[in-house]
Amino acid sequence: MTPQIVGQGGSEAGSGHAQGTRSATHATDPADASTSELVKRMSTQVSELVRGELELARAELTEKGKRAGAGAGLAGAGGVVALYGIGALIAAAIAALDIVLALWLAALVIGVVLLIVAGVLALVGRKELRQAAPPVPKDVVDSVQQDVQTVRQAVQR
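Predicted model only: the values in this text are computed from it and were never measured.

## Focus on the overall build of the chain
So, point 1. What the chain contains, in helices and strands, is five helices and zero strands.
So, point 2. Along the chain direction, N to C, the helices and strands of the chain fall in the order α-α-α-α-α.
So, point 3. For the chain, the share of sequence-separated contacts (at least 6 apart) that also reach a separation of at least 24 residues comes to 66%.
So, point 4. Entry remark: accessible area of the chain is about 10,700 Å², with carbon and sulfur atoms responsible for 67%.

Quick look at the structure:
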């Protein structure tokens, strides 16, 4: 960022090592900088800030997307296990009609255990989905609001 300002200052003045050194001094000391240099510096800094904030937003949304995917996968796994539980309960009902106590009791116990596992997986998946929503980059929004506040305070000085 500074080399661009030094190069531009040297070419505008018509050359000279002393001019380049003076521009470098202006580039580092805002009190001695001209209005055009300050505007250029502000423009560069604002664009860098926006790029940085967009990168942070992209990273945050990527993380939330991963959490949403994991939550959906766990909820889906809970649904599949619930289907097995229903199948086991159906098998238990069929076995109960056969009046063989050990067979239907075993199927009933397995069905209940599978439904409990399905419930736990579904609850964990729901928790992950809730943590991923809303898909707004909250950290970046807070950071941008702080940046705007800082700029406002600097302008008021």
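## Examining the side chain of Glu60
So, point 1. In this fold, Glu60 is placed in helix 3 (residues 35-97).
So, point 2. Of the side chains with opposite charge, Lys64 comes closest to the buried, unpaired Glu60, at an N-O distance of 4.3 Å.
So, point 3. Residue contacts for Glu60: discarding those within four places in its chain leaves Val136, Pro137, Lys138, Asp139 and Val140.

## Quick word on a nonpolar patch on the surface
So, point 1. A surface patch of nonpolar side chains, about 700 Å² in accessible area, is lined by Leu105, Leu108, Val109, Val112, Val113, Ile116, Val117, Val120 and Val124.
So, point 2. Examined against the element boundaries, Val117 turns out to sit in helix 4 (residues 101-132).
So, point 3. Owing to a relative accessible area of 39%, Val117 belongs among the partly exposed residues under this scheme.

## Side note on the confidence of the model for the chain
So, point 1. Counting all residues, the mean pLDDT for the chain is 75, and 76% of those residues have values of 70 or more.
So, point 2. When pLDDT is averaged over each element of the chain, helix 3 comes out on top at 85 and helix 1 (residues 2-13) at the bottom at 42.
So, point 3. Here residues 1-26 is a poorly scored stretch, pLDDT under 50, and it has 22 contacts once near neighbours within four places are set aside; other chains count.

## Looking at the pattern of salt bridges
So, point 1. Per the stated rule, a full pass over the model turns up one salt bridge.
So, point 2. Across the pair Glu55 and Arg58 runs a salt bridge, and its minimum N-O distance is 2.5 Å. Residue Glu55 and its partner Arg58 are both found in helix 3; the two are separated by three residues, about one turn of the helix.

## What to know about the environment of Glu60
So, point 1. The exposure class of Glu60 is buried, given its relative accessible area of 10%.
So, point 2. Taking C-alpha positions, Glu60 is 8.3 Å from Lys138, a pair spaced 78 residues apart along the chain.

## A look at the UniProt feature "transmembrane region" (unreviewed entry) in the chain
So, point 1. UniProt annotation of "transmembrane region" (unreviewed entry) refers to residues 74-97 and 103-124 when read in the numbering used here.
So, point 2. Taken end to end, residues 103-124 is 100% helix and 0% strand, and its two terminal C-alpha atoms sit 32 Å from one another.

## Description of the layout of surface pockets
So, point 1. If you add up the space inside the largest pocket, you get close to 220 Å³.
So, point 2. Around the largest pocket, the lining residues are Pro30, Leu38, Arg41, Met42, Gln45 and Val46.
So, point 3. A breakdown of the residues in the lining of the largest pocket according to their chemical character gives four nonpolar, one polar and one charged.

## Re the environment of Ala132
So, point 1. Here Ala132 shows up in helix 4.
So, point 2. On a C-alpha basis, the gap between Ala132 and Lys66 in space is 8.4 Å, while along the polypeptide they are 66 residues apart.
So, point 3. Beyond its immediate stretch of four places on either side in the chain, Ala132 contacts Lys64, Arg67 and Ala68.

## Topic: the environment of Ala93
So, point 1. With respect to the helices and strands, the residue Ala93 is situated in helix 3.
So, point 2. On the basis of relative accessibility, which here comes to 43%, the residue Ala93 falls in the partly exposed class.

Each value, and the rule that gives it
Residues numbered from 1 in each chain as written. Predicted model: local features only at pLDDT ≥ 70, side-chain atom pairs only at ≥ 80, totals over all residues. Heavy atoms only, no water. Helix = DSSP H or I, 4+ residues; strand = E, 2+ residues; numbered from the N terminus. Contact = heavy atoms within 4.5 Å. Areas by Shrake-Rupley, 256 points an atom, 1.4 Å probe, with all protein chains shown as cover. Buried < 20%, exposed > 50% of the residue type's maximum accessible area, 1.4 Å probe, protein only. Lys, Arg positive; Asp, Glu negative; His and termini not counted. Salt bridge = Lys/Arg side-chain N within 4 Å of Asp/Glu carboxyl O. Patch = residues over 30% accessible without salt bridge, like charges linked within 9 Å, V, L, I, M, F, W, Y side chains within 5 Å. pLDDT = per-residue confidence, 0-100. UniProt positions renumbered as here; feature names shortened; annotations may be inferred. 1 Å grid on protein atoms, 1.4 Å probe; cavity = no way out; pocket = protein on both sides within 12 Å on 5 of 7 lines; lining within 4 Å. Points joined across faces, edges and corners; volume = space filled by probe spheres on them. Nonpolar A, V, L, I, M, F, W, Y, C, P; charged D, E, K, R; others polar.

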